[in-house]
Structures are given as C-alpha cells and as structure tokens.
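Given next are the chains, with one letter for each unit.
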Amino acid sequence: MERREFLAAAGAVGVGATAGCAGLFETDENTEGTGGEPALVENRPEAVYYPTHREGMKMAGMGMAGDLSVGLMYSYPHRFWTMEAGGTNQVPIRDEDDVHLMVTLWDADTETVLPVDSGVGLTIERDGEVVSTKPPWTMLSQNMGFHYGDNYALDGDGTYTVTVNPGNVTARRLGAFEGKFEDAGTVEIEFEYAQATRDTISYETFEDQQGTEGALDLMPMGNMPVSTVPARENLPGTVVGEGTSGDADFVATVIEDPSFADAPAYFAVSPRTPYNDIPLPTMGLSTTVERDGGSVYDGSLDGALHPDLGYHYGAGIDGVQSGDAVTITVDTTPRMARHEGYETAFLEMPPVEFTAE
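Residues numbered from 1 in each chain as written. Predicted model: local features only at pLDDT ≥ 70, side-chain atom pairs only at ≥ 80, totals over all residues. Heavy atoms only, no water.

Engineer: Would you mind going over the overall build of the chain with me for this structure?
Structural biologist: Of the regular secondary structure elements, the chain holds 2 helices and 24 strands. When its C-alpha atoms are laid out on the principal axes, the chain stretches across 70 × 45 × 30 Å. Sorting the 357 residues of the chain into buried and exposed places 57% on the buried side. Only carbon and sulfur atoms are counted for the fraction: they give 42% of the accessible area of the chain, which is about 14700 Å². Charged side chains of the chain number 18 positive and 59 negative; the gap between the two group centres comes to 3 Å. (Helix = DSSP H or I, 4+ residues; strand = E, 2+ residues; numbered from the N terminus. Buried < 20%, exposed > 50% of the residue type's maximum accessible area, 1.4 Å probe, protein only. Areas by Shrake-Rupley, 256 points an atom, 1.4 Å probe, with all protein chains shown as cover. Lys, Arg positive; Asp, Glu negative; His and termini not counted. Charge placed at Lys NZ, Arg CZ, Asp CG, Glu CD.)

And the structure:
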C-alpha cells in the first residue's frame with residue numbers, strides 16, 4: 001500500500017488526531033495514529049519488535065567531506081523517539097513537516113558506516129535563503145540502521161541546497177582508520193524536491209507482524225553501505241564470550257596484536273542490535289576481568305573504530321584466559337533517537353556476565 005492510499009482510507013476514521021509524548025512502555029493513548037501513520041501497537045514488548053509500517057526513501061545526493069563519504073536521503077515525515085532523563089519522548093509529526101531527511105557517513109575504502117561523536121550539522125537553503133539550520137538527531141531505524149535524521153519543513157517545490165557538516169570523529173581509530181576523518185569540512189548537496197514525487201515513495205503496512213518481537217530486514221541502500229558490524233564468526237581475534245542485555249547482543253573478542261593497543265592484548269566488545277547486527281554507539285561501557293579471585297582488569301572501554309571490527313568498545317589489557325570471570329557493565333545506555341520498533345529496547349541494561357571460553 002502506498003502512503004497516499006493509506007491516508008485516503010484512514011481519512012474516513014480521522015487519522016491525524018492529537019499526538020503527544022508516549023511514556024516508557026505505556027500503552028499509547030493515541031489510538032488513531034500520528035500525522036497519518038498507523039496507530040502504535042498497544043502493550044509493545046520491552047524488546048525490538050516489528051513496526052506498524054515501513055516507508056521507502058529517495059536519494060537526494062552524495063558527496064565527500066574530507067575522507068568521509070556523505071549520503072543524503074529523504075522520506076515522509078514520521079514519528080520517532082528521543083532519549084530523555086526519564087525514558088523516551090515521542091516526537092510527533094508537525095503539520096508543517098514535509099520530509100524526514102537522513103544523513104549517512106561512511107568510509108569509501110572499507111564501506112564502514114561511521115558515527116561522529118559531536119553530531120552532524122545541517123543547513124537547508126533555497127534561492128540563497130536559509131530554510132532550516134536544525135541539526136539532525138543521531139538515530140537508529142530498522143530501514144537503514146544507524147544514521148542522522150529529523151523531520152523538516154521545506155518551502156514548497158523547488159531546488160534546495162543542503163550543507164552537511166559531519167563534525168568530528170573522536171573515537172579511537174585503529175588499523176586503516178588511523179589518522180583519517182580529521183578536519184572533514186563540509187559538503188553541499190543540491191536536490192530537486194516536489195511533493196508529488198515524495199508521494200510516490202513506497203509505504204508498506206504490517207498488520208500481521210506488527211508488535212511481535214523481531215525486526216525488518218535492512219533496506220538495500222544502492223551505492224551506500226548498510227550499517228552493520230561483523231558476525232561473531234567474522235570478528236578478528238578469539239571470541240571469549242557473549243551475552244544479551246536490554247535485548248542487545250554483546251560479543252567480546254581478544255586480539256593479540258600490538259597495533260590495536262600498547263598492551264599484551266586488546267579486549268574488544270561489540271554491542272549490536274538483534275537480528276540485523278547494527279552497531280550501538282553512544283554508550284558508556286566498563287568491564288572487569290577476574291582470575292582466581294584476583295583482578296586482571298577493572299576499567300572503562302573506549303569507543304573505537306577498526307575496519308574489521310566496525311564501531312566497538314575496547315581497552316588494552318594483560319589478556320583473558322579460559323575460565324576468567326568477565327562482567328561488562330553498561331554505564332550509559334545508547335543515547336540515540338529511535339524509530340518505531342527500537343524505542344522500547346536498549347533501555348534497562350543489566351550487566352553481561354560470562355565465563356571466558
């Protein structure tokens with residue numbers, strides 16, 4: 001079903017009624033949907049779940065900012081949730097919103113999607129006049145994984161210039177990434193927008209699956225890579241354990257390679273979403289490794305990037321032996337905004353504990 005067909009069918013029952021903020025894990029009182037979207041499923045699981053619908057997207061353009069490849073896409077405006085001190089806060093669609101703009105950053109040589117810790121700047125102009133300077137949120141969606149996005153009001157059909165400032169990659173860069181992604185600068189992407197073209201974007205609903213645990217497949221991105229991390233069996237080093245917390249999967253590997261750290265070994269933890277192995281940046285992690293009642297390591301794990309690991313958290317340690325007791329503590333849960341299907345997961349995250357293999 002295309003979105004305009006859904007809107008036409010739903011108009012008879014009043015889609016577009018008042019939207020508001022949804023409390024954490026509470027049943028959403030808005031039973032008629034927001035901004036033309038299907039109503040949220042009641043009593044959603046505290047886990048990743050199939051959303052009510054999936055929207056396609058159109059490519060607006062691509063460019064380079066220093067070493068970073070930049071892709072700009074757009075779709076219909078849609079609801080999402082930001083992280084607040086007390087839980088999640090639903091951001092409703094405003095009447096003036098025309099598009100949901102999405103930015104993806106990646107390394108062209110390794111096709112690794114990259115997070116930037118300082119966020120992304122974005123300016124929209126038309127005919128030399130500034131339309132918006134609102135920075136996009138760091139986001140997670142089942143369509144395209146990790147990206148930056150927000151809903152934007154435009155100024156009618158026409159030609160727009162979007163200036164993207166990728167910010168700084170402050171995560172530790174390892175291997176082929178060492179010394180890259182500094183002083184990225186900005187990139188300008190020009191694209192033609194017409195509401196009639198936007199309204200041809202695909203729009204699929206999932207009446208049978210919605211609200212059940214699981215996830216949609218990542219959408220093929222054409223010339224852009226998707227934001228996944230290597231499967232367990234493809235991680236470098238020796239995998240010493242794994243576990244789950246808050247419905248996220250954690251895989252720990254030990255790499256004995258001096259290029260990773262100034263220590264006998266590098267302990268790397270790769271948190272990812274279930275089903276699609278999307279990385280989870282913006283977390284704070286620490287770990288303890290104990291052996292025979294004594295401490296081998298007790299400290300933080302820093303965010304880092306490596307072509308064979310993707311985004312992960314790691315530290316140099318003396319090593320991990322079979323039988324060691326390992327505890328990974330989530331000091332800060334992922335601070336990313338979430339599209340529908342992820343807003344109830346990765347919130348309450350108890351420690352991950354395992355005995356090293």
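Engineer: Hey, could you run me through the pairing of strand 20 (residues 294-306) in this one?
Structural biologist: Put simply, side chains in a regular strand alternate between the two faces of the sheet. In terms of strand pairing, strand 13 (residues 172-173) meets strand 20 through 2 bridges, oriented parallel. Note that in strand 20 the partner of R172 across the bridge is A304. One ladder, built from 7 bridges, connects strand 19 (residues 284-291) with strand 20; its direction is antiparallel. Across the sheet, residue T288 finds its bridge partner in strand 20, namely D298. Hairpin geometry of strand 19 and strand 20 is characterised by an intervening segment of 2 residues between the two adjacent antiparallel strands and by a positive phi of about 55° at D292. Bridge count between strand 20 and strand 21 (residues 310-317): 5 bridges; the pairing is antiparallel. Bridging from a neighbouring strand, L305 pairs with Y311 of strand 21. Joining the antiparallel neighbours strand 20 and strand 21 is a turn of 3 residues. (Pairing = 2+ DSSP bridges.)

Engineer: Honestly, the sheet that holds strand 12 (residues 158-165) in this entry has me stumped. Any pointers?
Structural biologist: As a general point, the strands of a sheet are linked pairwise by backbone hydrogen bonds and lie either parallel or antiparallel. The 4 strands are arranged 9-8-12-14 in an open sheet whose pairing can be described as antiparallel. Only two strands of the sheet have a single partner each, and these edge strands are strand 9 (129-132) and strand 14 (187-193). Ignoring strand direction, the axes of neighbouring strands in this sheet form an average angle of 35°. (Axes fitted to C-alpha atoms, helices over the stretch in contact; angles between N-to-C directions.)

Engineer: Where do I start with the pattern of salt bridges in this structure?
Structural biologist: This structure, assessed with the given rule, holds 16 salt bridges. Salt-bridge contacts for E182 lead to R173; the nearest nitrogen and oxygen are separated by 3.6 Å. A residue is classified by how much of its surface remains accessible, and E182, at 48% relative accessible area, is partly exposed. Relative accessible area serves as the criterion here: at 18%, R173 is assigned to the buried category. D199 is paired through a salt bridge with R198; the nearest N and O atoms lie 2.7 Å apart. Pair check on accessibility: D199 and R198 agree, each one buried. Ionic contacts of the salt-bridge type, sharing partners, join the residues E37, R79 and E340 into one network. (Salt bridge = Lys/Arg side-chain N within 4 Å of Asp/Glu carboxyl O.)

Engineer: Just to check I follow, could you spell out the side chain of T104 for this structure?
Structural biologist: Within the secondary structure layout, T104 lies in strand 6 (residues 99-107). On the accessibility criterion, T104 (4% relative accessible area) is buried. Residues contacting T104, with those up to four places away along its chain left out, are S69, V70, G71, M73, V113, M144, H147 and M224. (Contact = heavy atoms within 4.5 Å.)

Engineer: What am I meant to see in the environment of D157 here?
Structural biologist: Looking at the secondary structure, you find D157 in the loop between strand 11 (145-152) and strand 12. In sequence terms D157 and E192 are 35 residues apart; their C-alpha atoms lie 7.7 Å from each other. For D157, the contacting residues outside a window of four places in its chain are R126, Y193, A194 and Q195. Looking at D157, its side chain comes within polar contact range of the main-chain nitrogen of Q195, at 3.0 Å. (Polar contact = N/O pair within 3.5 Å; in protein donor to acceptor, adjacent residues only side chain to side chain.)

Engineer: Any chance you could explain the packing of aromatic side chains here in plain terms?
Structural biologist: Aromatic ring pairs are described here by two measures, namely the spacing of the ring centres and the angle between the planes. Tallied over the entire structure, the rule returns 9 aromatic pairs. Consider the rings of Y311 and Y313, whose centres lie 5.4 Å apart with planes at 85°: the pair is edge-to-face. Each member of the pair, Y311 as well as Y313, carries the same accessibility label: buried. Stacked on the ring of Y152, the Lys or Arg K134 has its end atom at 4.8 Å from the ring centre. (Phe/Tyr/Trp six-rings, centres within 6.5 Å; stacked < 30°, edge-to-face > 60°. Lys NZ or Arg CZ within 6 Å of the ring centre and 35° of its normal.)

Engineer: Just checking my understanding: could you explain the confidence of the model for the chain for this structure?
Structural biologist: Predicted coordinates in regions of low pLDDT should not be interpreted in detail. Summarising the model, the chain shows a mean pLDDT of 90, and 90% of its residues fall at 70 or more. Under a pLDDT of 50 for its full length, residues 4-34 has, in the predicted model, 55 contacts with residues more than four places off or in other chains. (pLDDT = per-residue confidence, 0-100.)

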